[in-house]
Amino acid sequence: MARPINYLFCTYEIEIEDEVLSGEGEFSLISENQGGEHRHGREKEGIQPQTLCTDPKSQTVEDFRSHSFEIGYKPGVRVRQEYDGDRREVVKRFERDTHTKFGHVVTVPSLRAMAIRDRASDDTIAALQTIGAMKSFIRGVSDGLGQINISHASDEDVSHALEHWDVHEYSYTIRPLNPTGGDLARRRSEMFERENVFQESGRVIAPPGESLRVADGVIGEANDLVASGYGQEGLKGKTEDGNSASIPKLSFSQDKNENLRWRESKPRFLRVSFERESIEDDKTLEVASSLVRFYRRDEPAS
C-alpha cells in the first residue's frame, strides 16, 4: 500500500495590479499561462532556474468551484557526486538538466482556501518550495505587478479544529495570567500562585479510539490562558472527513504580547494526511472536499 500523502492547508489571495482575482480570473490566469517558464530564484552555475504552471483543471465540489494545477520547478542544473579513488575524495560536478519537479495545488477560490502537497522527492517539491515557485510564477505572468499572499493557521482555525475535529492529543505551554483573563484562566492561575508555578508544559492524550473533550479542566483552562496570550497550544486529531491532521504548538514566551505577536507573524502549519491505495491514486476531489468542510464555516456555496 502506498504511504499517505500530506497537504498543507492555508488561505490565500492573488492580486494583480492591486485587484484581488476572482475564481474565474484565477483559472484564466493559470490556463492562459500554462507551460510558460518564468524566472525563479538565483542563477546556479550560470543557469537561471525556472518555474511554470501546468495541468489546470476546474471542478465542482459540494457546490463550490475548485481548481487544481501543478507548479513546476526547473533548476536547469544537477549536481553529480562521486568518489574519486585517485584523489581519495568526493568530487562534485554540475550538469545541465531539463528535469522538472512538481508541486500539486488545490484551491477553493470563494473560500480563499488552498491545499499544497507537502512531499519532496526526485519528482516532487515540498509545500514551502511550491509556495515560493507560485510567487515567482505570479510575478512572472504579471510583469512584476502581481503577488500571492499566503496565510497559515489562525487562532480561529485552531478553535474550529478543537470544536469540530476528533482531537486525540493536545499540547500546551502556559504561565499565570496577570492581571486579566477568563474565569478558567483565573482559576488555573490561582492554582499556580498557591503552588508557586512559574510555567507549565503538558500533553494530554485521549484513550485509544476516543476523542478529547474541551471542558472546565486541563484543556479548558489552558485554552483560556492561551486565548489571553499567556500560552501556546497545538493539537493532533482527525478531521470531519476522518483524515489525520495536526497544528503544531508555537514557541512560548513569558511575554504575553510576544505570544500574541508570534501567532500573528509566525506560520502555524496545518497539515492534513490523505490515505492512498496506490501512488497513482488521485486525491484532488477528496482534498478539495476537505478544504470546503474546514473553511466553509458560514459561507454560501459558489
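Chemist: Give me the packing of aromatic side chains: which residues, what numbers.
Modeler: A complete count under the given rule lists six aromatic pairs for this structure. When the ring of F294 is compared with that of Y295, the centres are 4.9 Å apart and the planes differ by 85 degrees; the resulting orientation is edge-to-face. Just as F294 is buried, Y295 falls in that class too. What links up through ring pairs into an aromatic cluster is the set Y7, F9, W165, F274, F294 and Y295.

Chemist: Could you give an account of the pattern of salt bridges, with specific residues and numbers?
Modeler: According to the stated counting rule, one finds 23 salt bridges in the structure shown. Between D241 and R293 there is a salt bridge, and its shortest N-O distance comes to 3.0 Å. Within this pair, whereas D241 is found in the loop between β13 (231–238) and β14 (244–247), its partner R293 is found in helix α7 (residues 284–295), the two being separated by 52 residues in sequence. Under the relative-accessibility criterion, D241 is labelled partly exposed at 27%.

Chemist: Any chance you could break down the environment of A245 for me, citing the residues and the numbers?
Modeler: By the element assignment, A245 lies in strand β14. Residue classification places A245 among the buried positions, given a relative accessible area of 7%. A245 has contacts with W165, L235, K236, G237, T239, R271 and V272, leaving out every residue within four places of it along the chain.

Chemist: Outline the pairing of strand β11 (residues 166–174), supporting the account with residue identities and numerical values.
Modeler: Side-chain direction in a regular strand flips from residue to residue, so the side chains alternate between the two faces of the sheet. Most of β11 is tucked away: seven of the nine residues are buried. Bridging between β11 and β13 involves eight bridges; their strand directions are antiparallel. Each residue of the ladder has a partner; that of D166, found in β13, is K238. As defined by bridge partners, β11 adjoins strand β12 (residues 200–205) across six bridges and the pair is classed as antiparallel.

Chemist: Please give an account of the side chain of S136 that cites residues and values.
Modeler: Position of S136 relative to the elements: it lies in helix α2 (residues 127–141). Among the residues examined, S136 registers a relative accessible area of 5% and is labelled buried. Those residues in contact with S136 that lie beyond four places of it in its chain are H38, R39, H40 and T51.

Chemist: I'd like a rundown of the nonpolar core, residues and numbers included.
Modeler: In terms of nonpolar packing, the biggest core is built from 39 residues, with F9, W165, L270, L291 and Y295 touching the most fellow members. No other element matches α7, which puts six residues into this core. Setting aside its immediate chain neighbours within four residues, F9 contacts M114, A115, H152, L270, V272, F274, V287, S290, L291 and Y295. In terms of nonpolar packing, the next biggest core, distinct from the first, is built from 25 residues, L8, C53, I138 and V141 among them.

What counts, and where the lines are drawn
Residues numbered from 1 in each chain as written. Predicted model: local features only at pLDDT ≥ 70, side-chain atom pairs only at ≥ 80, totals over all residues. Heavy atoms only, no water. Phe/Tyr/Trp six-rings, centres within 6.5 Å; stacked < 30°, edge-to-face > 60°. Buried < 20%, exposed > 50% of the residue type's maximum accessible area, 1.4 Å probe, protein only. Salt bridge = Lys/Arg side-chain N within 4 Å of Asp/Glu carboxyl O. Helix = DSSP H or I, 4+ residues; strand = E, 2+ residues; numbered from the N terminus. Contact = heavy atoms within 4.5 Å. Pairing = 2+ DSSP bridges. Core = buried A, V, L, I, M, F, W, Y, C linked by side-chain atoms within 4.5 Å.

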